[in-house]
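# Structural description and commentary
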Amino acid sequence: MLDRLRLGESFASISRSFNVNESTVRSIKKSEDKIRSSVASTSLSAKIVRDPAVEKMEVALSLWIEDRNQKRMPLSGPMVREKAKRLYAHFKEPDGSFSGECTDGGFQASEGWFNKFKVRQSLHNIKIIGEAASADTAAAGRYPEEFANLVADGEYKPEQVFNADETALFWKRMPNKTFISKSEKSAPGFKAAKDRVTLLLCSNASGDCVIKPLMLYRSFNPRALKNQNKDNLPVFWRANKKAWVTSAIFCDWFRNCFVSEVETYLKKQNLDFKALLVLDNAPGHPRELETMHPNIKVTFLPPNTTALLQPMDQGIIQAFKLYYIRRTFKIILDNMECNPDMNVMECWKKFDIAKCIVNIKESLEELKLHTLKCCWKKLWPALTAENDEESVHPQILTANIAEIANGIGRDGFEQIESSDIQELLESQNEDLTETDLEEMLNSQPIEEEASTSTGKVTFNLKNLSEGLRMANELCDFFMNIDPSMERSLIFKRQIANATAVYQSELKELLKTAKQEKITKFFKPLPKP
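Residues numbered from 1 in each chain as written. Predicted model: local features only at pLDDT ≥ 70, side-chain atom pairs only at ≥ 80, totals over all residues. Heavy atoms only, no water.

As named in an unreviewed UniProt entry, the protein is Tigger transposable element-derived protein 1, taken from Eumeta variegata. According to the UniProt record, the Sequence similarities (unreviewed entry) comment for the protein is "Belongs to the tigger transposable element derived protein family." Word for word, the UniProt comment on the protein under Subcellular location (unreviewed entry) is "Nucleus". (UniProt positions renumbered as here; feature names shortened; annotations may be inferred.)

As structure tokens, this is what we get:
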């Protein structure tokens, strides 16, 4: 319609052609800029023009759902729909001028929209996968006996039993009372307090083996790590855009870090190379881990028992974060004492991701042996029955951290109390707000140093064709090896559905590809 209007055709003629009211055509004309902008921002195969606020809302909502899944926070259909309404209100333009999907009272996050959204985002089964709020106490009460039998059947010693879990770390966040925190909130642009890394921490039941942690950041080559060999870092360094643990990244850590470190450790202990790895049901922990290595048995905790049973969640992660905060404050205090002319803000700006890595390493080294052992008492009571020594109480640590903060003596640190440290610790697990999600959508990749690895992979006709070819080969592979033809056909149909969007893009790219002149295919006649 808009293209024909632009060519000079009348409103009446177009309304008759499309069998709509003339007022509808005029309304569409008024929203021309927004409609064309929406079409330009979507895939080439898109045919339906939607409210830009709905489009932004759905992308932000998908990020929110994934973030809660990563944190194993409670999630349900009504919660998603309520968050959708709040996000839409946040993104909607004040004048509400768009005449499209959400008229007559605005966006309602109806059941129909929710079902379509789940299909669009492949959210076929949103489950409540929470922590303590939805914990299954009955399953948690039964599982320790089952776990003890598992250990006995495999004849595992405490040195051979490991637990791993992810946690988010806002590595530059400061207490709200500090000048650093207050000034950052009022400043435009990216907030360092929102900069997050994801850590995968892992240790054994005897407490004397802490595996090199997986550390995920949103950039693989930040400027602070210029000329650094990533393989020699004290962390297993990986990156993706949102710093989230995916199945592929977890398997990478499992194969290339966990297995080798466990084998080396057990050899030093003169123990057989066999181990039991306990995991929760996080999205990034694939079931194929159970058969990934012949010497490593992987077992999964019952759903919704993480907060009640998992050793890492019984105090290990909390103790690590308190040590991290304490060391961070100590870095500021030491720098201020060495250079009295340096203010707190100048000191804090020098704290980069390279120093964060060192801080993580040293904070893990501070974890006490009895802390690492005592946190197994709910999952493996018999292990800790002979050792009733409690780990360092969090209140003692928070008081010690507050004392160090007071020693800085300026810019709000002199007002820090234990309650402020506890608030800072709890903020590490806070839910993403509408503003946080908008910042994630608008954030630009941070400046990176040029990588010496392979070149950047681009989304073009050649690579798209290659990817679809590999998908077809994968289907053929399972068709050949699977004795159940029905199962392999179901798999093939699911792959076809999953790659349909790329098939559409391939068709569009083929249409827009530059055509060769027909004369190219003719050979010139020889001269007489």
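### Points about the overall build of the protein
Helices and strands together make up the secondary structure of the protein, namely 22 helices and 6 strands. With 528 residues in all, the protein has 41% of them scored as buried. Carbon together with sulfur atoms contributes 52% to the accessible area of the protein, which is approximately 29200 Å² in total. (Helix = DSSP H or I, 4+ residues; strand = E, 2+ residues; numbered from the N terminus. Buried < 20%, exposed > 50% of the residue type's maximum accessible area, 1.4 Å probe, protein only. Areas by Shrake-Rupley, 256 points an atom, 1.4 Å probe, with all protein chains shown as cover.)

### Regarding the pattern of salt bridges
It is possible for side chains of opposite charge to pair when their charged atoms get near one another. Counting across every chain of the model gives 20 salt bridges. Connected through shared salt-bridge partners, D3, R6, K29, E32 and R36 make up one network. (Salt bridge = Lys/Arg side-chain N within 4 Å of Asp/Glu carboxyl O.)

### Remarks on the side chain of R326
Along the chain, R326 turns up in helix α12 (residues 316-338). What makes R326 buried here is its relative accessible area of 17%. At 2.6 Å, the side chain of R326 and the side chain of E366 are in polar contact. Discounting residues that sit within four places of it in the chain, R326 has contacts with E366, L397, N400, I401 and I404. (Polar contact = N/O pair within 3.5 Å; in protein donor to acceptor, adjacent residues only side chain to side chain. Contact = heavy atoms within 4.5 Å.)

### Examining the nonpolar core
Counting residues in each nonpolar core, the largest one holds 49 residues, and the members touching the most others are W171, M215, W237, F329, I332, I353 and I360. For this core, the secondary-structure elements that each account for two or more residues are β2 (196-204), β3 (214-217), α12, α13 (344-349), α14 (353-366), α17 (394-408) and α18 (418-426). No other element matches the 12 residues that α12 contributes to this core. In terms of nonpolar packing, the next biggest core, distinct from the first, is built from 28 residues, A164, F254, F258 and L277 among them. (Core = buried A, V, L, I, M, F, W, Y, C linked by side-chain atoms within 4.5 Å.)

### Re the pairing of strand β1 (residues 161-170)
Where burial is concerned, most of β1 is hidden: 10 out of the 10 residues are buried. Burial of β1 is two-sided: the residues V161, N163, D165, T167 and L169 facing one way and the residues F162, A164, E166, A168 and F170 facing the other way are all buried. In this sheet, strand β5 (residues 275-279) lies alongside β1 in parallel orientation, the contact comprising 3 bridges. Bridging from a neighbouring strand, F162 pairs with L277 of β5. (Pairing = 2+ DSSP bridges.)

### Describing the sheet that holds strand β4 (residues 236-239)
Pairing within the open sheet is mixed, and its 6 strands lie in the order β4-β3-β2-β1-β5-β6. Since the sheet does not close on itself, it has two edges, and those belong to β4 and β6 (296-300), each with one partner. The average angle at which neighbouring strand axes cross in this sheet is 25 degrees, direction not considered. Most of the contacts of helix α10 (residues 247-268) go to β4, to which it runs at about 180 degrees, and overall it touches β1, β2, β3, β4, β5 and β6. (Axes fitted to C-alpha atoms, helices over the stretch in contact; angles between N-to-C directions.)

### Concerning the environment of E146
Considering the arrangement of structural elements, one finds E146 in helix α8 (residues 137-154). Residue E146 is classed as exposed on the basis of its relative accessible area of 52%.

### So, the state of the cysteines
Any covalent bond linking the sulfur atoms of two cysteines counts as a disulfide. The full count for this structure, using the stated rule, is 0 disulfides. The cysteine C257 is free of any disulfide, with C202 supplying the nearest cysteine sulfur at 8.6 Å. On the basis of relative accessible area, C257 is assigned to the buried category, the value being 3%. (Disulfide = S-S within 2.5 Å.)

### A word on a nonpolar patch on the surface
A cluster of nonpolar side chains, namely L474, F477, F478 and I481, defines an oily patch on the protein surface of about 350 Å² accessible area. In this fold, F477 is placed in helix α20 (residues 461-481). (Patch = residues over 30% accessible without salt bridge, like charges linked within 9 Å, V, L, I, M, F, W, Y side chains within 5 Å.)

### Considerations on the pairing of β2
Of all 9 residues that make up β2, 9 are buried, and the element is covered over most of its length. Residue alternation in β2 divides its side chains into two sets, R196, T198, L200, C202 and N204 and V197, L199, L201 and S203, and both sets are buried. Bridge count for β2 against β3 is 3 bridges, and the pairing is antiparallel. Residue T198 lies in a different strand from β3, and its bridge partner there is L216.

### Side note on the packing of α12 against α17
Here α12 crosses α17 at 15 degrees, and the two axes come no closer than 9 Å. Accordingly, the angle class assigned to the pair α12 and α17 is roughly parallel. The two elements α12 and α17 meet at a crossing, and its hand is left-handed. Contacts between α12 and α17 pair Q318, L322, Y323, I325, R326, F329, K330, I332, L333 and M336 from the former with P394, L397, T398, N400, I401, I404, A405, G407 and I408 from the latter. For the contact of α12 with α17, the per-class residue count stands at 13 nonpolar, 4 polar and 2 charged. (Parallel < 35°, antiparallel > 145°, perpendicular 65-115°, else oblique. Left-handed = near helix turned anticlockwise from the far one by under 90°. Nonpolar A, V, L, I, M, F, W, Y, C, P; charged D, E, K, R; others polar.)

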